[in-house]
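Examining the three-dimensional arrangement
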Amino acid sequence: MKSFAITLPDGSKRTFDALVTPQQVAASIGRRLEEAAVAAKLNGKEIDLTRPIDSDAELAIITRDSKEGLEVIRHSTAHLLAQAIKELYPTAQITIGPVIEDGFYYDIDCPKALTPEDLPTIEKKMAEIAGRKLEVKREELERNTAVNLFKSMNEHYKAEIIEGLPSGEVVSAYRQGDFIDLCRGPHVPNTARLGKFKLLSIAGAYWRGDEKNKMLQRIYGTAFASQKELDEHIHRLEEAKRRDHRKLGPELDLFTFLPVAPAMPFYLPKGAWLFNKLVDFMREETQALGFEEVICPQMMSTDLWITSGHMEHYRQNMFLFEEDEGQPMGLKPMNCPGHASLFKTTKRSYRELPVRFSEYTKLHRNERGGVTHGIMRTRAFAQDDGHIFCTEDQILEEALKGIQYTYKVYSAFGFDHVDVKLATRPEQFLGSPELWDKAEKALADSLKAAGKSFEVLPNEGAFYGPKIEFHIKDAIGRSWQCGTIQLDFNLPKRFELEYTDNQNQAKTPVVIHRAILGSVERFMGILIEHHAGHLPIWIAPVQAVLINVTDNQLEYAQSVLQTLKSWGIRCELDSRNEKLGYRIREAQMKKIPLMLVLGEKEKTAQTLSVRKTNGETTNDLTLDGFRAFLEPWLKPGGTNH
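The sections below set out a description of the structure shown in this document.

Rules behind the numbers
- Residues numbered from 1 in each chain as written.
- Predicted model: local features only at pLDDT ≥ 70, side-chain atom pairs only at ≥ 80, totals over all residues.
- Heavy atoms only, no water.
- Phe/Tyr/Trp six-rings, centres within 6.5 Å; stacked < 30°, edge-to-face > 60°.
- Helix = DSSP H or I, 4+ residues; strand = E, 2+ residues; numbered from the N terminus.
- Buried < 20%, exposed > 50% of the residue type's maximum accessible area, 1.4 Å probe, protein only.
- Lys NZ or Arg CZ within 6 Å of the ring centre and 35° of its normal.
- Pairing = 2+ DSSP bridges.
- Axes fitted to C-alpha atoms, helices over the stretch in contact; angles between N-to-C directions.
- Contact = heavy atoms within 4.5 Å.
- Salt bridge = Lys/Arg side-chain N within 4 Å of Asp/Glu carboxyl O.

Below, the discussion takes up the packing of aromatic side chains. Inspection of the entire model under this criterion finds 16 aromatic pairs. Seen from their ring centres, Phe-415 and Phe-523 are 5.8 Å apart, and the 65° between their planes marks the pair as edge-to-face. Separated by 108 residues along the polypeptide, Phe-415 in the loop between α13 (395-412) and β23 (418-423) and Phe-523 in helix α16 (residues 520-530) bring together distant segments of the chain. Residue classification places Phe-523 among the buried positions, given a relative accessible area of 0%. By way of ring pairs, the aromatic residues Phe-281, Phe-413, Phe-415, Phe-523 and Trp-538 are connected into one cluster. Of note, Arg-74 hangs over the ring of Phe-224, and the distance from its end group to the ring centre comes to 4.6 Å.

Note on sheets: strands pair through backbone hydrogen bonds, and any given pair is parallel or antiparallel. Spatially, 5 strands are ordered β31-β30-β32-β33-β34 in an open sheet, and the strand pairing comes out mixed. Sheet topology places β31 (571-574) and β34 (617-622) at the edges, where each strand pairs with a single neighbour. Averaged over all pairs of adjacent strands, the angle between their axes in this sheet comes to 25°, without regard to strand direction. Sheet analysis places strand β30 (residues 544-548) next to strand β32 (residues 594-598), joined by 5 bridges and oriented parallel. Counterpart to Leu-546 in the pairing with β32 is Leu-596. Across the face of the sheet, helix α17 (residues 554-566) comes into contact with β30, β31, β32 and β33 (607-612) while running at roughly 170° to β31.

Attention now goes to the pattern of salt bridges. By the definition in use, this model includes 45 salt bridges. Glu-163 serves as the salt-bridge partner of Lys-151, at 3.1 Å between the closest nitrogen and oxygen. Highlighted residues: Lys-151 in helix α5 (residues 143-152) and Glu-163 in helix α6 (residues 156-163), separated in sequence by 12 residues. The salt bridge involving Glu-211 is made with Arg-368; its shortest N-O contact spans 3.1 Å. Highlighted residues: Glu-211 in the loop between β12 (196-206) and β13 (215-224) and Arg-368 in the loop between β21 (362-364) and β22 (380-390), separated in sequence by 157 residues. Judged by relative accessible area, which is 48%, Glu-211 ranks as partly exposed. By sharing partners, the salt bridges in this structure join Glu-87, Lys-125, Glu-128 and Arg-132 into a single network.

Have a look at this one:
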């Protein structure tokens, strides 16, 4: 056959005179690359290492230490899990097993109700199968042939998936030993190429996410290229469990959940204080930026939501009602339509723009029970919401101020690592492609003006406009998307908003949707987990607890308590008839930043002994000395860690 050239990522070429596989190409480059290879990219498309190539092509080898390589390893490990299930429980049926963030899962219909105690047995079987060093081979089957094959194997869920494909479609499957599974691939060429894996948990999941279908058992797992990476991940999971806001919130008397309001938090006094503190902080900061606070009704006519586009694009997430008079109403899932309605109530001149509205009232979204998560994803929440109505030539300045201010706010709460992303036009969108191109360029220009590097997220914008996303990284390396700046040319047109320009001509403004914390509830949860419940003193609901050693110091402790409260310090007195060590340990468990221990020595000298939760102590502080000691921590950004 005629020779052909393979072009590698560095631009170099290798010529071959016969069929060649990516694995052979990797071997021709070097042994280390061949050993690290798990898949390849042929002309930009991921393929198996064993796929023959017979013509000119661009080829990149996917190695196990790359992001794409890790996904291949995890997907292949999901197949390994399914094979282990079939060998342990032959009558079980397997369904789907995708890669997810940090791991994979597989949904199975198993005759045995599996428990976490079964996971080590399944894991052991997986290791035994991997040790057989089975070749993983791709097979392509005509649709009807594939349906009959999986039905003959009692895999009716797989057959149902294939039956949903067009007649005559060719489907791919992967075989390893006696096991075969439906999959697009690619996969590792041999089970010996798999990484280190661990099964993590079991949960329930309806077939195809539909409550009307059978409940399946979902096994979660993870896999990494090396044992070291796996061990580090397991450590992060354990640390995340220790920091879980769903555990810490009730322990610290911040919030709880009750059956009478599913996925809607009830705030206890300390939690209500923290919630209000977050809102008040944002209220004060945004007022300095020229925002004026407004309050719109919780429920408004569906005519409004039709105009805004929510009834078409967001209906399934809304709470909708019929009034006695038959007027359909909807609880607001977002503030922007109300703010647009307010803007329209007054004739506006270009001299008044930008008009900036802010609002902190509750929003309601009909989230499904399976996706709610503590206070991080609820059905009732508040946002530090803001909308800027401006001219096109004001976009850059307003977006730039928003970007700079967002970084300032995150730093105040102890988040110093921020990743920025630009989400562009989705498949379902309002307005014209030309308007979207214009909006996307305006946001990109503002990020460049701010000197911020950013990643583009294709097709992930909101239905009404592109958005800048701010992702903050917490103390254990997890990334959380919080703030957004969204540019919207469509909402003003739908609401027929106008202002008069300097020629007395009617013009349509642009709307910038802006939130920094995002959901106040979600940010609170992230804050709790970032600090493992040890909130910085300036934001802690209780900053100090006074502990008298005996009743002889009670009067002195009460006097100190009143003085500190008069200074605005949030403090409590624990004068219970319990041992000193017990009361100190309990204050530590409640994550109260400071313990002021008052014994006879302190009473006589009119001083304080200050103890941090980490055991560090500062003795013989006068009251004024304690005030000076505390001062640096009372300002936003101050920390006690």
